[in-house]
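These are the residues of each chain, in order.
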Amino acid sequence: MPRSRFFYNPSMSAALPSYDEAAAIVSAHAVEAAHHSPAVERIELALALGRVLAQPLHADSDQPPFARSTRDGFACHASEASQHKFLKLAGTSRAGDAPAGPLPKGHAWEIMTGAPIPPGADAVLMVEHVEVSGDTVRLLPPRTVKPGENIVEQGAQARQGDELLPVGSTIRAAQIALAATCGYATLDVFRKPRVAILTTGDELVPISSTPGPGQIRNSNAPMLAALVTAAGADPWILPTAADNAEALDAALAEAFTADMVLISGGVSAGKFDLVEPALVRMGARFHFTGVRIQPGKPLVFGELSRSHAAANRTQHGTNCYFFGLPGNPVSSAVTFLLFAAPILGALSNRRDSGPRFALARLAADAGKQGKSDLTRFLPAFCTFSAADGHLPEVALVPWQGSGDLAALARSNCFLVVPEDAGRLEAGTIVRILLP
Ligand code: AMP
Ligand code: MG
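Residues numbered from 1 in each chain as written. Chains lettered and ligands numbered in written order. Predicted model: local features only at pLDDT ≥ 70, side-chain atom pairs only at ≥ 80, totals over all residues. Heavy atoms only, no water.

1. What to know about the overall build of the protein chain
And step 1. Secondary structure assignment for the protein chain yields nine helices and 28 strands.
And step 2. For 435 residues, the compact-globule estimate of 2.2 N^0.38 gives 22 Å, and the protein chain exceeds it by more than 25% at 30 Å.
And step 3. In terms of its C-alpha atoms, the protein chain occupies a principal-axis envelope of roughly 90 × 55 × 45 Å.
And step 4. Taken over 435 residues, the protein chain has a buried fraction of 48%.
And step 5. For the protein chain, the exposed area adds up to about 19900 Å²; of that, 54% sits on carbon and sulfur atoms. (Helix = DSSP H or I, 4+ residues; strand = E, 2+ residues; numbered from the N terminus. Rg over C-alpha atoms; globule rule 2.2 N^0.38 Å. Buried < 20%, exposed > 50% of the residue type's maximum accessible area, 1.4 Å probe, protein only. Areas by Shrake-Rupley, 256 points an atom, 1.4 Å probe, with all protein chains shown as cover.)

And the structure:
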């Protein structure tokens, strides 16, 4: 059976990769996953939010296209204005007016924010800083003005033809604005990877059903679909597979027509955890089967080589990455963010894919931490609205273990407890994993 150095054996925790080791393995595969030429599609700019640029964005003209005023006030010769002489008004320019001028000596030019600077002027006096008398204006002493003040020169932000955004940039509001300013009504973006979501478990019933004795509703399918969507990919929810070999074989064969596969449940050491053997039957390669983290220790990561026929139906070539996510909801969420999101980012050709960490200050004592050979990711709530000069404050959300969906839903991040943490006192600076 093809196994990597790291193969999950519940009695041999020490043989499992640490969080850092597992993250390094995933990062290396993310680099490989990015080495392909995925399909590109052209979309309306208004529909581009969250997509990834497949073309570099170029400036179609100098930015700004003309020297413009950043203030309402009076364009002037700085040297004259700084002598506090009364300057005669030579004209007025509003935003939208064509460039006017030139500005004669001894004169000023009334100007509004965004309007072109008349040639000859080298500064703008703010309207708040001047005295207007009849058709003259002067800078109020003792204030002086330096050449260039309140003016953005033509091309100061970018020159015509400059690359403003590289391929792989995620398109958010600012990128949409930049594309609009450069005249892009449409953008070439990478097609979204399609992610199969296969939930397994005899106990699972659909949302609309009332669970019978021993049954639970399938909450991982919609949660994983939401995580996939938030990561900018297309979720594809398959029917839940029962915990038997035939059902799993059939479901996996279908799932592996996607660009990436997420399997939920069935990867622990229980008698009915049959996902790994089914993957082995398909000829999967395992990069690790278990990580020294909590929750999420039984996580499985690997890839499957597909026939060319199967590969032709997808955009991402012959290799398909898969994750076997432990079925407990908090485990599924954490392992997705830590490990599946970076591979998905690479498949999407994103330059900036997760996981995202930040620093925060513990608001309350988090007590003594248990087992020291696991990195823990505990549901927590961070108040990101920190006062100036202070780190955001984070507190643990009380939880009943990795099945506690209510705690997960009340959290907005995960507190990272390192392997050798010991006691975590209020005030300690800690890392948090952001969703
Ligand atoms: P497993 O990883 O299959 O051993 O499942 C671990 C725990 O997660 C069990 O309590 C399952 O009932 C629960 N679980 C598994 N799959 C799901 C799911 N799709 N939605 C909600 N809970 C699940
Ligand atoms: Mg199960």
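2. Focus on the site of ligand 1
And step 1. Taken together, 16 residues lie around ligand 1, and Glu-203, Asn-218, Gly-266, Gly-327 and Asn-328 are the ones closest in.
And step 2. A distance of 2.6 Å separates an oxygen atom of ligand 1 from a polar atom in the side chain of Glu-203.
And step 3. Between ligand 1 and the protein, one listed contact pairs a nitrogen atom with a backbone N or O atom of Ser-219 at 3.2 Å.
And step 4. The protein chains hide 78% of the 480 Å² of surface that ligand 1 would expose on its own.
And step 5. Looking at side-chain class alone, the shell around ligand 1 contains three nonpolar, 10 polar and three charged residues. (Near = heavy atom within 4 Å. Polar contact = N/O pair within 3.5 Å; in protein donor to acceptor, adjacent residues only side chain to side chain. Nonpolar A, V, L, I, M, F, W, Y, C, P; charged D, E, K, R; others polar.)

3. Comments concerning the confidence of the model for the protein chain
And step 1. Summing up the model confidence of the protein chain, the mean pLDDT is 92 and the portion of residues at 70 or higher is 94%.
And step 2. Every residue in residues 1–5 scores below 50 in pLDDT, and together they form eight contacts with partners more than four places removed in sequence or on other chains.
And step 3. Throughout residues 8–12 the model reports pLDDT below 50, and contacts reaching past four residues in sequence, or to other chains, amount to six contacts. (pLDDT = per-residue confidence, 0-100. Contact = heavy atoms within 4.5 Å.)

4. Comments concerning helix α5 (residues 245–255)
And step 1. Within α5, burial applies to Leu-248, Ala-251, Leu-252 and Ala-255. Buried residues along α5 cover an arc of 100° about the axis, so they all sit on one side. In α5, those exposed residues whose orientation departs by more than 90 degrees from the buried face are Glu-246 and Ala-250.
And step 2. On its buried side, α5 packs onto β13 (194–199), β16 (234–237), β17 (260–264) and α6 (275–282). (Arc of directions from axis to C-beta.)

5. A closer look at the side chain of Thr-257
And step 1. With respect to the secondary-structure elements, Thr-257 resides in the loop between α5 and β17.
And step 2. Reaching out from Thr-257, the side chain makes a polar contact with the backbone oxygen of Glu-254 at a distance of 2.7 Å.

6. Quick notes on the pairing of strand β6 (residues 107–111)
And step 1. Two elements, strand β4 (residues 73–76) and β6, share three bridges in a ladder whose sense is antiparallel. Opposite Gly-73, over in β6, you have Ile-111 as the bridge partner.
And step 2. Inspection of the sheet shows strand β5 (residues 87–93) paired to β6 by four bridges, in the parallel sense. Counted as the bridge partner of Lys-88 is His-107 from β6. (Pairing = 2+ DSSP bridges.)

7. Thoughts on helix α8 (residues 329–347)
And step 1. At Phe-336, α8 is bent by approximately 45°, the largest bend along its length.
And step 2. Among the 19 residues that make up α8, 19 are buried, leaving the element largely enclosed by the rest of the structure.
And step 3. Two residues or fewer after α8 comes Asn-349, characterised by a positive phi angle close to 65°. (Bend = angle between axes of the 7 residues up to and from the residue.)

8. Quick look at the pattern of salt bridges
Once the charged atoms of two side chains with opposite charge are near each other, the side chains can pair.
And step 1. Applying the stated rule across the entire model yields nine salt bridges.
And step 2. The closest approach of N and O atoms between Lys-88 and Asp-135, which form a salt bridge, is 2.7 Å. You can see Lys-88 sitting in strand β5 and its partner Asp-135 sitting in the loop between β8 (130–133) and β9 (136–139), a full 47 residues away along the chain.
And step 3. The residue Arg-423 makes a salt bridge to Asp-365 at a minimum N-O spacing of 3.4 Å. (Salt bridge = Lys/Arg side-chain N within 4 Å of Asp/Glu carboxyl O.)

9. Quick look at unusual backbone geometry
And step 1. The linkage connecting Gln-63 with the following residue, Pro-64, adopts the cis geometry, with an omega of -10°.
And step 2. A cis amide bond links Gln-294 to the next residue, Pro-295, at an omega of -5°.
And step 3. Mapped onto the secondary structure, Pro-295 falls in the loop between β19 (293–294) and β20 (300–305).
And step 4. In this structure, His-84 takes a positive phi of about 60° despite not being glycine.
And step 5. Positionally, His-84 belongs in the loop between α2 (78–81) and β5.
And step 6. Despite not being glycine, Asn-150 shows a phi value in the positive range, around 65°.
And step 7. Structurally, the position occupied by Asn-150 is in the loop between β9 and β10 (151–152).
And step 8. Classification of Asn-150 by relative accessible area gives buried; the value is 16%.

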